[in-house]
Amino acid sequence: MTGSPYDPLISDLAADLKPVRRLPPPVLRALGWLGAVAAIAVGLASFADLEAMWERITAAPDMWLAVLGSAATAVLAAIAAFELSLPDAPRAWAWLPLPGALLWVAASGFGCLRVWILPETHVAVLGEARDCLIFIVSLSVPLSALMFLMLRRAYPLQPGLTAAIGGLAVAAAAATLLNFFHPFDAAATDLTVHAFAVALVVIANRALGGRMFAAPNFARPA
Amino acid sequence: MTTRTLQPNVMVPYKDETLLPPAFPGMAKRDIRREPQSRGLMSTAEPQTRSADDLRRSAQMAAAQAGDRAAYEALLRDCVPLIKAIAGRQGVPPDRNDDVVQDVLLTIHRARHTYDPARSFTAWLRVIAERRAIDLLRQVRRHGAREFHAPLAMETYPDEGADPGRGVAHAEATGRVNEVLATLPPRQREAVEMLVLQEQSLTEAAAATRSTKGALKVNLHRALKTLRRTLERTG
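What counts and what doesn't
Residues numbered from 1 in each chain as written. Chains lettered and ligands numbered in written order. Predicted model: local features only at pLDDT ≥ 70, side-chain atom pairs only at ≥ 80, totals over all residues. Helix = DSSP H or I, 4+ residues; strand = E, 2+ residues; numbered from the N terminus. Buried ≥ 20, exposed ≤ 12 C-beta atoms within 10 Å, placed from the backbone. Contact = placed C-beta atoms within 7 Å. Nonpolar A, V, L, I, M, F, W, Y, C, P; charged D, E, K, R; others polar. Expected span 1.5 Å × (residues − 1). Axes fitted to C-alpha atoms, helices over the stretch in contact; angles between N-to-C directions. Parallel < 35°, antiparallel > 145°, perpendicular 65-115°, else oblique. Core = buried A, V, L, I, M, F, W, Y, C linked by C-beta atoms within 7 Å. Left-handed = near helix turned anticlockwise from the far one by under 90°. pLDDT = per-residue confidence, 0-100.

K.L.:
Could you clarify how one ought to interpret the overall build of chain A in this entry?
P.N.:
Across its full length, chain A holds eight helices and zero strands. Going from the N terminus to the C terminus, chain A shows its helices and strands as α-α-α-α-α-α-α-α. Considering chain A as a whole, with its 222 residues, one finds that 43% of them fall into the buried category. Counting only contacts in chain A whose residues sit at least 6 apart along the sequence, the fraction spanning at least 24 positions is 88%.

K.L.:
What is the right way to look at the overall build of chain B in this model?
P.N.:
In terms of helices and strands, chain B carries nine helices and zero strands. Secondary structure elements in chain B, listed N-terminal to C-terminal, are α-α-α-α-α-α-α-α-α. Classification of the 235 residues of chain B by burial places 28% in the buried group. Considering only residue pairs separated by 6 or more positions, chain B has 72% of its internal contacts joining residues 24 or more positions apart.

K.L.:
Help me understand the interface of chain A and chain B, please; the structure alone is not making it clear to me.
P.N.:
The parts lose accessible area when they come together, and the size of an interface is often stated as this lost area. Contact with chain A, which involves 29 residues of that partner, is made by 34 residues of chain B. Residue composition of the side of chain A that touches chain B, grouped by class: 23 nonpolar, one polar and five charged.

K.L.:
Hey, could you run me through the environment of Asn205 of chain A in this one?
P.N.:
Relative to the assigned elements, Asn205 of chain A resides in helix H8 (residues 188-213). Sequence separation between Asn205 of chain A and Leu168 of chain A is 37 residues; the distance between their C-alpha atoms is 8.6 Å.

K.L.:
For this particular structure, what's the right way to read helix H3 (residues 97-110) of chain B?
P.N.:
Along an α-helix, residues three or four apart share an orientation, since each turn contains 3.6 residues. With 14 residues, H3 of chain B ought to run about 20 Å at 1.5 Å a step, and its terminal C-alpha atoms sit 20 Å apart, in line with that. Buried residues dominate H3 of chain B, accounting for 10 of its 14 residues. By the burial criterion, the buried members of H3 of chain B are Asp99, Val100, Val101, Gln102, Asp103, Val104, Leu105, Leu106, Thr107 and Ile108 of chain B. Of the surrounding secondary structure, the elements contacted by the buried residues of H3 of chain B are helix H1 (7-15) of chain A together with helix H2 (69-90) and helix H4 (121-146) of chain B.

K.L.:
Please clarify how the packing of helix H3 (residues 50-58) of chain A against helix H4 (residues 61-84) of chain A should be interpreted in this entry.
P.N.:
When two helices pack together, their arrangement is given by the angle between the helix axes and the distance between those axes. Residue and element names in this part refer to chain A. At a closest axis distance of 5 Å, the pairing of H3 and H4 adopts a crossing angle of 105 degrees. The pairing of H3 with H4 is recorded here as roughly perpendicular in orientation. Side by side, H3 and H4 meet where Arg56, Ile57 and Thr58 of the first sit next to Met63, Trp64 and Val67 of the second. Each residue belonging to the contact of H3 with H4 can be placed in one class, and the counts come to four nonpolar, one polar and one charged.

K.L.:
I tried to follow unusual backbone geometry on my own but got confused; where do I start?
P.N.:
The general pattern is negative phi for most residues beyond glycine and trans for most peptide bonds. Residue and element names in this part refer to chain B. Its identity as a non-glycine residue notwithstanding, Glu199 has a phi of 55 degrees, on the positive side. Tracing the backbone shows Glu199 in the loop between helix H7 (186-197) and helix H8 (202-209). With 9 C-beta atoms packed within 10 Å, Glu199 lands in the exposed category.

K.L.:
I'm lost on the nonpolar core in this one. Help?
P.N.:
For soluble globular proteins, nonpolar side chains are generally found buried alongside one another. Residues Ala169 and Ala171 of chain A are the most contacted members of the largest nonpolar core, which totals 89 residues. Top contributing element to this core by residue count: H4 of chain A, with 14 residues. With seven residues, the next largest nonpolar core counts Ala191, Leu195, Leu216 and Leu220 of chain B among its residues.

K.L.:
Would you explain H4 of chain A in this entry?
P.N.:
Between its terminal C-alpha atoms H4 of chain A stretches 33 Å, which fits the 34 Å expected from 24 residues at 1.5 Å a residue. Summarising burial for H4 of chain A: 19 of the 24 residues are buried, a large majority.

K.L.:
Would you take a moment to explain the packing of H7 of chain B against H8 of chain B for this structure?
P.N.:
Residue and element names in this part refer to chain B. Between H7 and H8, the shortest axis-to-axis distance is 10 Å and the interhelical angle comes to 140 degrees. Judged by the inter-axis angle, H7 sits oblique to H8. Both H7 and H8 take part in a crossing whose hand is right-handed. In contact with Glu190, Met194 and Leu195 of H7, H8 contributes Ala205, Ala208 and Thr209.

K.L.:
Can you help me understand the confidence of the model for chain A in this one?
P.N.:
In regions of low pLDDT, the predicted coordinates are not meant to be interpreted in detail. On average, residues of chain A score 83 in pLDDT, and 85% of them are at 70 or above. Segment residues 215-222 of chain A: pLDDT under 50, and 15 contacts once partners within four positions in sequence are set aside and those in other chains are kept.

K.L.:
Looking at this structure, how should I read the confidence of the model for chain B?
P.N.:
Residue and element names in this part refer to chain B. In the predicted model, chain B carries a mean pLDDT of 76, and 74% of its residues have values of at least 70. When pLDDT is averaged over each element of chain B, H2 comes out on top at 93 and helix H5 (residues 151-156) at the bottom at 72. The low-confidence segment residues 1-41, where pLDDT is below 50, has 45 contacts with residues more than four positions distant or belonging to other chains. Here residues 43-47 scores under 50 on pLDDT; set against residues more than four positions off or in separate chains, the count is 20 contacts. Here the prediction assigns the complex a pTM of 0.67, and the interface score ipTM is 0.79.

Written as structure tokens, this is what we have:
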């Protein structure tokens, strides 16, 4: 195929060719990120009152179901984000965290109902709820930075969606780790703040990551 | 995600070598806002059996990942007609086909480490080409929403600053200045040419004329004075 108008570009690309290390499977990469989250969890556990946490979580089914839901959301969203970071990934991967998220929302909502039925339950006051927001957002910063660095190794052609699902994994992981320092039951005010924090992290990730992963413009030279 | 082993299975590709079936008569044109179709819910689009061409491309890409330039160059050349066909099917205008081809080739280059040779290369390429084509169509649509073609409006738009006689007047003035410039003594003319017309610095002009900066300044001053006087006199 001599004389093709693409010959100069193809020659340039071939001249620029260097051996590359193949990207590990998305699940392995997700496990790498989740390993970092687990390491942070171990670190935080050394400062937390684990007995009190255990008593609180096992006090009612909705409590441990909510923790299970947020943890499942973090794991599933991390796998989905690393899958979506591949250039040929189907968008359907974005639905993967849905079961975890549904369990998380449903169990948390059930917790709200229980607070109305048992008025003597200790619910969070505004100051405590603000601490939750600060915790989730602060922990999300390093987790997001690590997520971005790891996702960037692939070549996402759906930058906004990939970053948003990555943000959901980050927010769910931060909300799960919050349980170490959360000495009160779920209540409407508290859950509103949690939902706000999660939404904030997802939107921020989408905005920042979307730009960071944005594919190069058309016809830009290599 | 299951990994499939390479199975040499010869499948005759479609005549246009796109490995895509032709559109059914009366098939609705796909909405460009939609993402490329995938055959499974979570798996990348991949045929059950792989053609000999596809297996060859996979092997070439695997070789390229290891740094084989000849295989890479052959693969990229092989990709061009496939990309053009996919872009055409997505509804990319023929004059923008080159943009998609160029962009997909760059994407292959930058994303080559993400390709798993156990999977179909043609399916991988197809999804990438479809996404790039959709990106281009969105870009074209965005530009189209901001710009419109109105040749009559362009031609009848009045230019407030336009002066039909400006070009002629400018040429006359330039000619007169050149005439007066020619009457100046050589040193003064040299100073005007270098410092004003060629916009050289005093240092450069001094070096070129083997003169001093001071002498150049004096010659320029005298030249401008003469020019002004002569032009005022001649109207």
